[in-house]
Amino acid sequence: MTDPASHYLEEVRRQFRGHKRMAEGAMAQLRDDDFFVTIDPESNSVAILVKHLAGNMRSRFTDFLTSDGEKPDRFRDREFELSAGSTRAEVMKWWEQGWNCVFTAIEALKPEDVMRTVTIRGEPHTVLQAINRQIAHYAQHTGQIVFLAKHLRSSEWKTLSIPRGKSEEFKAASPKKFDKGLLRER
């Protein structure tokens, strides 16, 4: 049996990869202009959600074990603003840069790091707590991205999980038949 800290780190990596794939599956279904659509004045577009996530990822996971997770050069409010010339390619560059920060930091962690203390906004967290905080945060925004993409694509939407009306078929089938590897990875 694997020690709990090693198992935890494997699960963290799996969950982060799953959230990344889920959001990418949704974004792949969008047209370029869909990235910038807001459904009401208080909503965020997919592009804004990506910009915010990328800013958060860079801040939280750069020098993860040695510096505060809220970097002095992060200006969170600017993450919710886009320039008129922003493009899908630029948005996807932010996305990859953010995830690169996450995976670089997570891959470097060792089981003995899980109970170390890190800070976020001056507040102490164990590595476990800090990572769980980020998993929850990224899951929330992944859900928003999927919701927006599904709303914008409407009848053209291709499900990222078990298709509507296919739950019983899923239960009867082998897991491989329906497993798209979005959140399940073996």
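About the criteria used
- Residues numbered from 1 in each chain as written.
- Predicted model: local features only at pLDDT ≥ 70, side-chain atom pairs only at ≥ 80, totals over all residues.
- Heavy atoms only, no water.
- Helix = DSSP H or I, 4+ residues; strand = E, 2+ residues; numbered from the N terminus.
- Rg over C-alpha atoms; globule rule 2.2 N^0.38 Å.
- Buried < 20%, exposed > 50% of the residue type's maximum accessible area, 1.4 Å probe, protein only.
- Contact = heavy atoms within 4.5 Å.
- Areas by Shrake-Rupley, 256 points an atom, 1.4 Å probe, with all protein chains shown as cover.
- Lys, Arg positive; Asp, Glu negative; His and termini not counted.
- Charge placed at Lys NZ, Arg CZ, Asp CG, Glu CD.
- pLDDT = per-residue confidence, 0-100.
- Core = buried A, V, L, I, M, F, W, Y, C linked by side-chain atoms within 4.5 Å.
- Expected span 1.5 Å × (residues − 1).
- Salt bridge = Lys/Arg side-chain N within 4 Å of Asp/Glu carboxyl O.
- Pairing = 2+ DSSP bridges.
- Axes fitted to C-alpha atoms, helices over the stretch in contact; angles between N-to-C directions.
- Parallel < 35°, antiparallel > 145°, perpendicular 65-115°, else oblique.
- Left-handed = near helix turned anticlockwise from the far one by under 90°.
- Nonpolar A, V, L, I, M, F, W, Y, C, P; charged D, E, K, R; others polar.

(A) View of the overall build of the protein chain. When you go through the protein chain residue by residue, the secondary structure sums to six helices and two strands. The helix and strand sequence of the protein chain, counted from the amino end, reads α-α-α-β-β-α-α-α. On C-alpha atoms alone, the protein chain measures out to a radius of gyration of 18 Å, which is about the 16 Å that the 2.2 N^0.38 rule sets for 186 residues. By its C-alpha atoms, the protein chain is 50 × 45 × 25 Å across when sized along the principal axes. Per-residue burial for the protein chain yields a buried fraction of 42% across its 186 residues. Restricting to contacts in the protein chain with at least 6 residues of sequence separation, those with at least 24 account for 71%. Per element, the accessible surface of the protein chain, about 10500 Å² overall, is 54% carbon and sulfur. Positive and negative side-chain charges of the protein chain, numbering 30 and 27 respectively, have mean locations separated by a distance of 5 Å.

(B) View of the environment of Glu10. Residue placement: Glu10 occurs in helix α1 (residues 4–27). Owing to a relative accessible area of 45%, Glu10 belongs among the partly exposed residues under this scheme. Counting along the chain gives 108 residues from Glu10 to Val118, while the straight-line C-alpha distance between them is 20 Å.

(C) Broad picture of the confidence of the model for the protein chain. For the protein chain, the mean per-residue pLDDT works out to 92, and 92% of the residues sit at or above 70. In the predicted structure, residues 181–186 sits below a pLDDT of 50 and forms 17 contacts with residues beyond four places in sequence or in another chain.

(D) Quick look at the environment of Phe64. Tracing the backbone shows Phe64 in the loop between α2 (46–61) and α3 (88–108). For Phe64, a relative accessible area of 8% puts it in the buried group. Sequence spacing of Phe64 and Ala105 is 41 residues, and the spatial spacing of their C-alpha atoms is 6.4 Å. Beyond its immediate chain neighbours, meaning those up to four positions away, Phe64 contacts Ala105, Leu109, Val118, Val127, Ala130 and Ile131.

(E) Structural context of the nonpolar core. The biggest cluster of nonpolar side chains holds 44 residues, and the ones touching the most others in it are Phe16, Phe61, Ile131 and Ile145. For this core, the secondary structure elements donating two or more residues are α1, α2, α3, β1 (117–120) and α4 (127–153).

(F) Looking closely at α2. In this model α2 runs 22 Å from its N-terminal to its C-terminal C-alpha over 16 residues, within 8% of the 22 Å that 1.5 Å per residue would give. Most of α2 is tucked away, with 14 of its 16 residues classed as buried.

(G) Fine view of the pattern of salt bridges. Using the criterion set out here, one finds 15 salt bridges in the structure. Across the pair Arg14 and Glu11 runs a salt bridge whose closest N-O atoms are separated by 2.5 Å. Of the two residues, Arg14 and Glu11 are both situated in helix α1; the distance of three residues between them amounts to about one turn of the helix. A salt bridge links Arg31 to Asp33, with the nearest nitrogen and oxygen atoms 3.6 Å apart.

(H) Examining the pairing of strand β2 (residues 123–126) more closely. In this sheet, β2 lies alongside β1 in antiparallel orientation, the contact comprising four bridges. Residue pairing across strands places Thr117 opposite Thr126, the latter belonging to β2. In this structure, the hairpin formed by β1 and β2 is closed by a connection of two residues, where Arg121 is found at a positive phi of approximately 55°.

(I) Region of the structure containing the packing of α2 against α4. In contact at an axis separation of 10 Å, α2 and α4 are set at 165° when each is read in the N-to-C sense. For the element pair α2 / α4, the angle class is roughly antiparallel. Handedness of the α2/α4 crossing: left-handed. Mapping the contact onto sequence places Val46, Leu49, Val50, His52, Leu53, Asn56, Met57, Arg60 and Phe61 in α2 and Arg133, Gln134, His137, Tyr138, His141, Gln144, Ile145 and Leu148 in α4. Tallied by class, residues from the contact of α2 with α4 come to nine nonpolar, six polar and two charged.

(J) Inspection of the packing of α1 against α3 at higher detail. Where α1 meets α3, the axes come as close as 11 Å, and the angle between the chain directions of the two elements is 170°. With respect to α3, the axis of α1 lies roughly antiparallel. From α1, Val12, Arg13, Phe16, Arg17, Lys20, Ala23, Glu24 and Met27 reach across to α3, where they touch Arg88, Met92, Trp95, Glu96, Trp99, Val102, Phe103, Ile106 and Glu107.

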